[in-house]
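Remarks on the overall topology
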Amino acid sequence: MSTVSHLEGLVVNVITGLLKQNEAARTIVEFTTDAGNRLSGSDSPSNRDLVKVVVLGETFLLRLIPDETDVRFVARLRSEFADFVAESSFGWGELRE
């Protein structure tokens, strides 16, 4: 895994592909430690760090795996975020791909 800024680009591409335009416009992406401290763009995440996505007041968390490839990270993120959307109040029951 690389820097937070690199991962942020991957996260934004995945979530905007799964969200409707009005949902994406009201979404916040943050990278934090498990204690809630924000990471900067040049930080290299550890296995105690998370990506936090807040969509319309609902929070999605995904633990980062430092030696995970971009392809594996994107696949895991897409799968888990799609499940989150289907279980959310804004996307209840919708299977988005």
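Before any of the text, the structure's been laid out above.
Everything in this summary refers to the structure shown in the same document. (Residues numbered from 1 in each chain as written. Predicted model: local features only at pLDDT ≥ 70, side-chain atom pairs only at ≥ 80, totals over all residues. Heavy atoms only, no water.)

1. Focus: the packing of aromatic side chains
Rules: Aromatic pairs are defined between Phe, Tyr and Trp rings, using the six-membered ring for Trp, whenever the two ring centres lie within 6.5 Å; interplanar angles under 30 degrees are classed as stacked, those over 60 as edge-to-face, and all others as tilted. Helix and strand definitions follow DSSP, with helices as H or I runs of at least four residues and strands as E runs of at least two, each counted in order from the N terminus. Think of it in three bands: with a 1.4 Å probe and only protein chains considered, a residue is buried below 20% of the maximum accessible area for its type, exposed above 50%, and partly exposed in between.
Following the criterion strictly, the structure yields four aromatic pairs and no others. On the numbers, 5.5 Å between centres and 35 degrees between planes, the contact of Phe81 with Phe84 is tilted. Separated by three residues within a single helix, Phe81 and Phe84 lie in helix H3 (residues 70-87), roughly one turn from each other. Phe84 shares its class with Phe81; the two are buried. Ring centres 6.3 Å apart and planes at 65 degrees place the aromatic pair Phe84 and Phe90 in the edge-to-face group. Residue classification places Phe84 among the buried residues on the basis of a relative accessible area of 13%. In this structure an aromatic cluster arises from ring pairing among Phe60, Phe81, Phe84 and Phe90.

2. Points about helix H1 (residues 4-18)
Convention followed: Each helix should span, by expectation, one fewer than its residue count multiplied by 1.5 Å. Directions pointing from the helix axis toward each C-beta atom define the arc.
Given a rise of 1.5 Å per residue, 15 residues ought to cover 21 Å, and the 21 Å separating the end C-alpha atoms of H1 matches this to within 8%. Val4, Leu7, Leu10, Val11, Val14, Ile15 and Leu18 are the residues of H1 that are buried. Projected onto a plane normal to the axis of H1, the buried residues spread over an arc of 125 degrees and lie on a single side.

3. Describing the sheet that holds strand E3 (residues 58-63)
Our working definition: When DSSP finds two or more bridges between two strands, those strands count as paired. All axes are obtained by fitting lines to C-alpha atoms, using only the stretch in contact for helices, and the reported angles, taken between N-to-C directions, cover 0 to 180 degrees. Residue contacts are defined here by distance: any two heavy atoms, one from each residue, within 4.5 Å place the two residues in contact.
One open sheet holds the three strands; their spatial order is E1-E2-E3, and the pairing between them is antiparallel. Edge positions in the open sheet fall to strand E1 (27-33) and E3, since each of these has one partner strand only. Each strand axis lies, on average, 20 degrees off the axis of its neighbour in the sheet, ignoring direction. Helix-sheet contacts for H1 involve E1 and strand E2 (49-55), and the interaxial angle to E1 is about 145 degrees.

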